[in-house]
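# Coordinates in review
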Amino acid sequence: MIAPAVLTVDLEALAANYRLLEQVGGVPVHPVVKADGYGLGAAACAERLMREGARTFFVARTHEGERLRAALGGEPAIYVLDGCLAGRATRLREAGLRPVLNTEGQLAEWRAAGGGACGLQIDTGMNRLGFRPEAAPEPFEGLDLVLSHLACADDPSEPMNARQRDAFEAAAARYPGTVRSFANSGGVFLGSEYGFDASRPGICLYGGGPEGRPDARIRPVATFAAEVLQLRDVPAGESVGYSRGFIAGTPRRIATVAAGYADGVLRSYSPEGRVWVGGVLRPIVGRLSMDVCAVDVTGVEVAVGDAVELFGPDRMLDDAAAAAGTVAWELLTSVGARTPRIYIG
Ligand SMILES: *Cc1c(COP(=O)(O)O)cnc(C)c1O
């Protein structure tokens, strides 16, 4: 390993998830690669997905789009979900990016700079970004995609899903000839009536389940593993780590593992977090440090240099996230900038 903590990205599993999402949704997949591909590396992921046929991508920020354009070249369409912020139109145009316009102000900004290919976001209930349906603009030159975003796609029993779907269908009817994009990962699994013309998944591509828990159809893509740096026997009554966050009630064997909060191990991993070591799940104990965490490996056969899996095929991303009191999206995007990404598959 080039570093004692690495994020290994299985590009073949990414491709398999892409194919699954296309098959389940029944429409082309337009991958969301914002936040550097949910932390996995936007360029590497997008390149692999282009080999599967993807030709349209979504990012959040203008500079994310610029970087992706530089990596991918001129061919794919790249939409920017932030839209056209003040003073950004020229940059968007120069990089061949398509803003997803959210307000009249953005539309005016884009038009004033000459306009061109762009999308439009309709807010069907999220109250986050986009035009409310009743305030959506007249069709205009350059508009080639209309999208809306589900608020509760991870909960198929939520009645708001159908309300948003119907509101989107009605609003999008004003823009014939544009691509209608509605479903995120969860939406892809809500049924074919949520498909429209193209889906826009993120988390399921990267190994998260559509309902926030592991799903046997989705392959794990990212493995976050770190080496055991040192092993020690801690007598009863002694403490481990900062602020005596853990006190050994009985003699414990403690592994110091090369992953701390600077690598993206959230402090909330302790005390509920479990990591995969020596073929079993064991708890992180005490307070996380910047560079290391302590794992109770009492009774487990483990040696210095062995790998501990924080999430991956043996510790599913959604389970690891739940134990840390968060969601797969946050766990993936928290993996530290210093943690090397290694690509296989
Ligand atoms: C992040 C995002 C997505 C992808 O959502 P997932 O739940 O990760 O599939 C799709 N559309 C919009 C507008 C987003 O912000």
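Preceding this section is the structure that the text describes.
Attention here is on the structure that accompanies the text. Worth saying up front: this structure is predicted, and the values here are computed from it rather than measured. (Residues numbered from 1 in each chain as written. Predicted model: local features only at pLDDT ≥ 70, side-chain atom pairs only at ≥ 80, totals over all residues. Heavy atoms only, no water.)

Bringing the overall build of the protein into the picture now. Tallying secondary structure elements over the protein gives ten helices and 16 strands in all. Considering only C-alpha atoms, the protein reaches an extent of 75 × 40 × 35 Å along its principal axes. Considering the protein as a whole, with its 345 residues, one finds that 54% of them fall into the buried category. In the protein, once contacts between residues fewer than 6 apart in sequence are set aside, the share between residues at least 24 apart is 63%. Surface exposure of the protein reaches about 14400 Å², of which carbon and sulfur atoms provide 50%. Charged side chains of the protein number 34 positive and 41 negative; the gap between the two group centres comes to 3 Å. (Helix = DSSP H or I, 4+ residues; strand = E, 2+ residues; numbered from the N terminus. Buried < 20%, exposed > 50% of the residue type's maximum accessible area, 1.4 Å probe, protein only. Contact = heavy atoms within 4.5 Å. Areas by Shrake-Rupley, 256 points an atom, 1.4 Å probe, with all protein chains shown as cover. Lys, Arg positive; Asp, Glu negative; His and termini not counted. Charge placed at Lys NZ, Arg CZ, Asp CG, Glu CD.)

Next up on the list: the pattern of salt bridges. Applying the stated rule across the entire model yields 20 salt bridges. A salt bridge links Arg-98 to Asp-144; the shortest N-O distance between them is 2.7 Å. On the criterion of sequence distance, the pair formed by Arg-98 in strand S4 (residues 98-101) and Asp-144 in strand S6 (residues 143-147) is long-range, its members being 46 residues apart. Taking the relative accessible area as the measure of exposure, Arg-98 reaches 25% and is therefore partly exposed. Taking the shortest distance from any N to any O, the salt bridge between Asp-233 and Arg-253 comes out at 3.1 Å. Here Asp-233 is found in strand S8 (residues 222-234), whereas its partner Arg-253 is found in strand S11 (residues 252-257), with 20 residues between them in sequence. The exposure class of Asp-233 is exposed, given its relative accessible area of 57%. A residue is classified by how much of its surface remains accessible, and Arg-253, at 28% relative accessible area, is partly exposed. (Salt bridge = Lys/Arg side-chain N within 4 Å of Asp/Glu carboxyl O.)

Bringing the site of the ligand into the picture now. In the neighbourhood of the ligand, 13 residues make up the surrounding shell, with Lys-34, Tyr-38, Ser-185, Gly-202 and Trp-329 lying closest. At a separation of 3.0 Å, an oxygen atom of the ligand approaches a polar side-chain atom of Asn-184. Between an oxygen atom of the ligand and a main-chain N or O atom of Gly-202, the distance comes to 2.8 Å. Here the ligand loses 93% of its free accessible area of 390 Å² to cover by the protein chains. Of the residues assigned to the shell around the ligand, the class counts are six nonpolar, four polar and three charged. (Near = heavy atom within 4 Å. Polar contact = N/O pair within 3.5 Å; in protein donor to acceptor, adjacent residues only side chain to side chain. Nonpolar A, V, L, I, M, F, W, Y, C, P; charged D, E, K, R; others polar.)

Those residues of helix H4 (residues 62-72) not exposed but buried are Thr-62, Glu-64, Gly-65, Leu-68, Arg-69 and Leu-72. Along the long axis of H4, the arc covered by the buried residues comes to 150°, so they all point the same way. Residues of H4 that are exposed and angled more than 90 degrees away from the buried face: Arg-67 and Ala-70. Contacts made by the buried residues of H4 are with helix H2 (34-38), helix H3 (42-51), strand S2 (56-59), strand S3 (77-80) and helix H5 (89-94). Two residues or fewer past H4, Gly-73 is found with a positive phi of approximately 80°. (Arc of directions from axis to C-beta.)

Structurally, Asn-184 is set in the loop between strand S7 (179-181) and helix H8 (185-188). Its relative accessible area of 15% is what places Asn-184 among the buried residues. If near-sequence neighbours (up to four positions away) are discounted, Asn-184 is found in contact with His-149, Leu-150, Ala-153, Arg-200 and Pro-201.

Another point: the environment of Pro-137. With respect to the helices, strands and loops of the structure, Pro-137 is situated in the loop between strand S5 (118-121) and S6. Taking C-alpha positions, Pro-137 is 14 Å from Ala-170, a pair spaced 33 residues apart along the chain.

This structure, assessed with the given rule, holds seven aromatic pairs. With a centroid separation of 5.0 Å and 10° between ring planes, the pair formed by Phe-168 and Phe-182 is classed as stacked. Here Phe-168, found in helix H7 (residues 160-172), pairs with Phe-182, found in the loop between S7 and H8; they are 14 residues apart in sequence, far enough to count as distant. The same class applies to Phe-168 and to Phe-182, which are both buried. Residues Phe-168 and Phe-196 carry aromatic rings whose centres are separated by 4.9 Å and whose planes lie at 85° to one another, so their mutual orientation is edge-to-face. (Phe/Tyr/Trp six-rings, centres within 6.5 Å; stacked < 30°, edge-to-face > 60°.)

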